[in-house]
Amino acid sequence: MMENSVILRLLRKMPTDARISAIRALTEMLTVEENEAGCAKAEISSILVAALKELSKSENEDERFVAADNPYTPAEVLTDMSKDKDRRIRWRVAKNPNASPEDLTELLKDRNPATRAEAAKNPNTPAEELIKLLKCKDQGLQMFVAFNHNTPAEALTELSKNKSPYIRAIVADNPNTPAEDLIKLSKDKYTKVRASVANNPNTPIEVLIKLSKDKEARVRWLARMNLKNNPNTPSEVLAELPKDE
């Protein structure tokens, strides 16, 4: 079996495109316990992390982009990359599942709006920072706060009253939205909002029953599918559901 240092030396000698392809191949190999050559998963991980650390310091922006994007890049490496001069790099760090809460808090202040949006959407962003974003007037950021599964219930309650039907629809789709808010949103005049309520697995059964008779076919269908997939739906309710729309 080849030593890690030998593989790393081979990676350094490759052209940029080939090196990037090799990194992606190593990443894919981690989805299985062992590759065909019998190389252990832990060893692949060790090689990949070492290579990503080197790429993160590359003068080539494409190579740094790959490192910022990779889910195996360590948090401490992403911390350095979160200050990269290239906004594409900072944007990918904000999307990375390994990005630390501290780095994401700083990226919420980034001058690039796309980076701020990804930081607002990242589930590692602290809940208290997401709550602060409710005070801003940026509807785009509020939309991503509504999307974030780390957003606390009280913030979702506030967002459920937002004037934008798109934001209300995203709130209605969030699994953390309180049942009482879902009940109110189930009466929303916009179809997309009611459809999101009908699709939410936490929507109360009595609400789903009402939505299964909604004037819009899409809402009816989603509510009926939700009822059918819910183990708590009474058998008599299931028996009354139409077999076809």
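Rules used throughout
- Residues numbered from 1 in each chain as written.
- Predicted model: local features only at pLDDT ≥ 70, side-chain atom pairs only at ≥ 80, totals over all residues.
- Heavy atoms only, no water.
- Helix = DSSP H or I, 4+ residues; strand = E, 2+ residues; numbered from the N terminus.
- Buried < 20%, exposed > 50% of the residue type's maximum accessible area, 1.4 Å probe, protein only.
- Areas by Shrake-Rupley, 256 points an atom, 1.4 Å probe, with all protein chains shown as cover.
- Lys, Arg positive; Asp, Glu negative; His and termini not counted.
- Charge placed at Lys NZ, Arg CZ, Asp CG, Glu CD.
- Axes fitted to C-alpha atoms, helices over the stretch in contact; angles between N-to-C directions.
- Parallel < 35°, antiparallel > 145°, perpendicular 65-115°, else oblique.
- Contact = heavy atoms within 4.5 Å.
- Nonpolar A, V, L, I, M, F, W, Y, C, P; charged D, E, K, R; others polar.
- Salt bridge = Lys/Arg side-chain N within 4 Å of Asp/Glu carboxyl O.
- Polar contact = N/O pair within 3.5 Å; in protein donor to acceptor, adjacent residues only side chain to side chain.
- pLDDT = per-residue confidence, 0-100.
- Phe/Tyr/Trp six-rings, centres within 6.5 Å; stacked < 30°, edge-to-face > 60°.
- Lys NZ or Arg CZ within 6 Å of the ring centre and 35° of its normal.

Asker: Can you help me understand the overall build of the protein chain in this one?
Answerer: Looking only at helices and strands, one finds 17 helices and zero strands in the protein chain. A burial count over the protein chain gives 48% of its 245 residues as buried. About 13,500 Å² of surface is accessible on the protein chain, with carbon and sulfur atoms providing 53% of the total. Counting 39 positive and 38 negative side-chain charges, the protein chain places the averaged centre of each group 7 Å from the other.

Asker: Quick question: what am I supposed to make of the packing of helix 14 (residues 191-199) against helix 16 (residues 217-229) here?
Answerer: A pair of packed helices is captured by two measures, namely the crossing angle of their axes and the spacing between those axes. Where helix 14 meets helix 16, the axes come as close as 8 Å, and the angle between the chain directions of the two elements is 10 degrees. The angle between helix 14 and helix 16 places the two elements in the roughly parallel class. In this structure, helix 14 contributes T191, K192, R194, A195, A198 and N199 to the contact, and helix 16 contributes R218, V219, L222, A223 and N226. Considered class by class, the residues forming the contact of helix 14 with helix 16 number five nonpolar, three polar and three charged.

Asker: What's the story with the pattern of salt bridges in this structure? I'm lost.
Answerer: Oppositely charged side chains may form a pair once their charged atoms are brought near each other. Scanning the model with the defined rule gives 13 salt bridges in all. As a salt-bridge pair, R19 and E63 come within 2.5 Å of each other at their nearest N and O atoms. Residue R19 is found in helix 2 (residues 16-29), and its partner E63 is found in helix 4 (residues 61-69); the two are separated by 44 residues along the sequence. A single burial state applies to R19 and to E63, both of which are buried. Among the salt bridges present, the one from E129 reaches K132, with a minimum N-O distance of 3.3 Å. Residue E129 and its partner K132 are both found in helix 9 (residues 127-132); the two are separated by three residues, about one turn of the helix. One continuous salt-bridge network, built from bridges that share partners, spans D62, D86 and R88.

Asker: Is there a simple way to explain the side chain of D110 in this structure?
Answerer: Positionally, D110 belongs in the loop between helix 7 (101-107) and helix 8 (113-121). What makes D110 buried here is its relative accessible area of 9%. Of note is the side chain of D110, whose polar atom sits 2.6 Å from the side chain of R90. Engagement of the side chain of D110 in a polar contact is seen with the backbone nitrogen of N112, the distance being 2.8 Å. With sequence-adjacent residues up to four places away left out, D110 is seen in contact with R90, T115 and R116.

Asker: Got a minute to help me understand the side chain of R64 in this structure?
Answerer: Structurally, R64 is set in helix 4. Since its relative accessible area comes to 7%, R64 is described here as buried.

Asker: I'm lost on helix 10 (residues 139-147) in this one. Help?
Answerer: Structural remark: α-helix, 3.6 residues per turn; residues separated by three or four positions point the same way. The set of residues buried in helix 10 consists of L141, Q142, F144, V145 and A146. Taken together, the buried residues of helix 10 touch helix 8, helix 9, helix 11 (153-159) and helix 12 (165-173). Sitting at the head of helix 10, D138 places a side-chain oxygen 2.8 Å from the backbone nitrogen of G140.

Asker: Looking at this structure, how should I read the confidence of the model for the protein chain?
Answerer: Reading predicted coordinates in detail is not appropriate for stretches of low pLDDT. In this model, the protein chain carries a mean pLDDT of 90, and residues with pLDDT of at least 70 account for 93%. Taken element by element, the predicted model of the protein chain shows its lowest mean pLDDT in helix 1 (residues 4-13) (76) and its highest in helix 14 (98).

Asker: Which parts of the structure should I look at to understand helix 6 (residues 87-95)?
Answerer: Regarding helix 6, the residues found buried are I89, R90, R92, V93 and A94. N-capping of helix 6 is provided by D86, with a side-chain oxygen placed 2.8 Å from the backbone N of R88.

Asker: Sorry, what's going on with the packing of aromatic side chains here?
Answerer: Here the structure, examined in full by the defined rule, presents zero aromatic pairs. Geometry around W91 places R92 over its ring, the cationic atom sitting 4.9 Å from the centre. The side chain of K121 reaches across the aromatic face of F147, ending 5.7 Å from its centre.

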